[in-house]
Amino acid sequence: MNVATKKSELINWISSINDSNLIDQMDDFRKTHSSFNFKKEIKSAISSEELKNRTTKFIKSLEWKK
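Here the structure is a predicted model, which is why all the values come from computation and not from measurement.

### Some details on the overall build of the protein chain
Here is step 1 of the chain: Broken down by element type, the protein chain carries four helices and zero strands.
Here is step 2 of the chain: For the protein chain, the succession of helices and strands along the chain, N to C, is α-α-α-α.
Here is step 3 of the chain: Relative to the globule expectation of 11 Å for 66 residues, the C-alpha radius of gyration of the protein chain, 22 Å, shows a markedly less compact shape.
Here is step 4 of the chain: By its C-alpha atoms, the protein chain is 60 × 35 × 15 Å across when sized along the principal axes.
Here is step 5 of the chain: Accessible area for the protein chain stands at about 6,800 Å²; split by element, carbon and sulfur atoms hold 57% of it.

Below, the structure written as structure tokens:
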């Protein structure tokens, strides 16, 4: 089943829900999972130098065939 079909089925299912408690729970889930705090995430990100070091180490670890 492709993504468009799944979305359509979910939309139809959500449209049929009459339970306000369940709708509130889904809305809370949406709010929790849709926000992205760039400032918070960047604090735990690696530096460009660390990225370069890790990439170089990984490339050197590959078995190159001639």
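Structure shown, so let's carry the discussion forward.
### Focus on the pattern of salt bridges
Here is step 1 of the chain: The final tally for this structure, using the stated rule, is three salt bridges.
Here is step 2 of the chain: Across the pair Asp 27 and Arg 30 runs a salt bridge whose closest N-O atoms are separated by 2.5 Å. Of this pair, Asp 27 and Arg 30 both sit in helix α2 (residues 20-34), three residues apart, roughly one helical turn.
Here is step 3 of the chain: In this structure, Lys 31 and Asp 27 form a salt bridge, with 3.2 Å as the shortest nitrogen-oxygen distance. Of this pair, Lys 31 and Asp 27 are both found in helix α2, four residues apart, which corresponds to roughly one turn of the helix.
Here is step 4 of the chain: Note on Lys 31: relative accessible area 47%, which makes it partly exposed.
Here is step 5 of the chain: Judged by relative accessible area, Asp 27 falls into the partly exposed class, the value being 26%.
Here is step 6 of the chain: Beyond isolated ion pairs, a larger network of salt bridges with shared partners links Asp 27, Arg 30 and Lys 31.

### Topic: α2
Here is step 1 of the chain: Between its first and last C-alpha atoms α2 spans 21 Å; for 15 residues at 1.5 Å apiece the expected length is 21 Å, and the two agree.
Here is step 2 of the chain: Sitting at the amino-terminal end of α2 is Asp 19, which places a side-chain oxygen 3.0 Å from the backbone nitrogen of Asn 21.

### Focus: the environment of Glu 9
Here is step 1 of the chain: Among the secondary structure elements, Glu 9 is positioned in helix α1 (residues 3-15).
Here is step 2 of the chain: Taking the C-alpha atoms as reference, Glu 9 lies 18 Å from Phe 29; in sequence the two are 20 residues apart.

Rules used throughout
Residues numbered from 1 in each chain as written. Predicted model: local features only at pLDDT ≥ 70, side-chain atom pairs only at ≥ 80, totals over all residues. Heavy atoms only, no water. Helix = DSSP H or I, 4+ residues; strand = E, 2+ residues; numbered from the N terminus. Rg over C-alpha atoms; globule rule 2.2 N^0.38 Å. Areas by Shrake-Rupley, 256 points an atom, 1.4 Å probe, with all protein chains shown as cover. Salt bridge = Lys/Arg side-chain N within 4 Å of Asp/Glu carboxyl O. Buried < 20%, exposed > 50% of the residue type's maximum accessible area, 1.4 Å probe, protein only. Expected span 1.5 Å × (residues − 1). Polar contact = N/O pair within 3.5 Å; in protein donor to acceptor, adjacent residues only side chain to side chain.

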